[in-house]
Amino acid sequence: MSETKKVSVLAGFKAFLMRGNVVDLAVAVVIGAAFTNIVNSVVKGLISPVIGLAGTQSLDAYKSCIKDPCGIGADGKPTGVELLWGSVLNATLTFLITAAVVYFLMVLPMAKYLAKQEARRKAKEGVQETIEITELEVLKEIRDTLVAQRNANGGGANNGGSPGARDAF
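My aim in this report is to walk through the structure given alongside it, one point at a time. Because the structure is a prediction, the values reported are computed rather than measured.

Regarding the overall build of the chain
Link 1 in the chain: Helices and strands together make up the secondary structure of the chain, namely four helices and two strands.
Link 2 in the chain: Along the chain, helices and strands appear, N-terminal first, in the series α-α-β-β-α-α.
Link 3 in the chain: The burial tally for the chain puts 6% of its 169 residues in the buried class.
Link 4 in the chain: Restricting the contact set of the chain to residue pairs at least 6 apart, pairs at least 24 apart contribute 34%.
Link 5 in the chain: Surface summary for the chain: the accessible area is close to 13,500 Å², and the carbon and sulfur share equals 65%.

Comments concerning a nonpolar patch on the surface
Link 1 in the chain: A cluster of nonpolar residues, Tyr62, Ile66, Val81, Leu83, Trp85, Leu89, Leu93, Phe95 and Leu96, forms a patch on the protein surface that exposes about 840 Å² of accessible area.
Link 2 in the chain: When contributions to the nonpolar patch are tallied by element, the ones reaching two or more residues are β2 (78–83) and α3 (85–152).
Link 3 in the chain: Here the element with the most residues in the nonpolar patch is α3; it accounts for five residues.
Link 4 in the chain: If you trace the backbone, Leu83 turns up in strand β2.
Link 5 in the chain: Since its relative accessible area comes to 46%, Leu83 is described here as partly exposed.

Topic: the packing of aromatic side chains
Link 1 in the chain: Scanning the entire structure with this criterion turns up two aromatic pairs.
Link 2 in the chain: An angle of 80 degrees between the planes, with centres 5.1 Å apart, marks the rings of Tyr103 and Phe104 as edge-to-face.
Link 3 in the chain: Residue Tyr103 is classed as partly exposed on the basis of its relative accessible area, which comes to 39%.
Link 4 in the chain: Phe104 gets classed as exposed once you look at its relative accessible area, which sits at 53%.

Description of the pairing of β2
Link 1 in the chain: Across five bridges, the pairing between strand β1 (residues 64–72) and β2 is antiparallel. In the strand pairing of β2, Ser64 is matched with Leu83.
Link 2 in the chain: Where β1 folds back onto β2 in an antiparallel hairpin, the turn is made up of five residues, including Gly76, whose phi is positive at roughly 90 degrees.

Observations regarding the environment of Phe95
Link 1 in the chain: With respect to the element layout, Phe95 can be found in helix α3.
Link 2 in the chain: According to the relative accessible area criterion, Phe95 is exposed, its value standing at 57%.
Link 3 in the chain: In sequence terms Phe95 and Val43 are 52 residues apart; their C-alpha atoms lie 9.9 Å from each other.

About the thresholds
Residues numbered from 1 in each chain as written. Predicted model: local features only at pLDDT ≥ 70, side-chain atom pairs only at ≥ 80, totals over all residues. Heavy atoms only, no water. Helix = DSSP H or I, 4+ residues; strand = E, 2+ residues; numbered from the N terminus. Buried < 20%, exposed > 50% of the residue type's maximum accessible area, 1.4 Å probe, protein only. Contact = heavy atoms within 4.5 Å. Areas by Shrake-Rupley, 256 points an atom, 1.4 Å probe, with all protein chains shown as cover. Patch = residues over 30% accessible without salt bridge, like charges linked within 9 Å, V, L, I, M, F, W, Y side chains within 5 Å. Salt bridge = Lys/Arg side-chain N within 4 Å of Asp/Glu carboxyl O. Phe/Tyr/Trp six-rings, centres within 6.5 Å; stacked < 30°, edge-to-face > 60°. Pairing = 2+ DSSP bridges.

This is the structure:
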């Protein structure tokens, strides 16, 4: 492989890594991994015990036997066919609780914050437009006053002003 091809491949790889979306994705993965620990702690430490007050803390024990006899045989091997619906329910509840925690603690406050920022930006733009419109109105009034003065002094373009001064405004 030639030296210029190595340099161009490395330069292309560097450009790929330095793209905004790749760096943003890497940051999101790291933050997501850290946030996962927080959410799991909230679910395991706070929410699961509250659910445990009404029933059991572990739904994994709930199952149904669809082919008898279910259990462990004399040889230590499982017998029958068990449907482990408790673990599916547990995973579903964990997902819903995690999604609710993420939505109410992260998404909703961020959406409110961004909406406030957008409202401030629009209000600032509205003030800027008002200032520009006011300046335009003042310039029109000045033009109209100058035209009125010119007409009161005898009118026409030969009153000491430059020709075409009326058209300048």
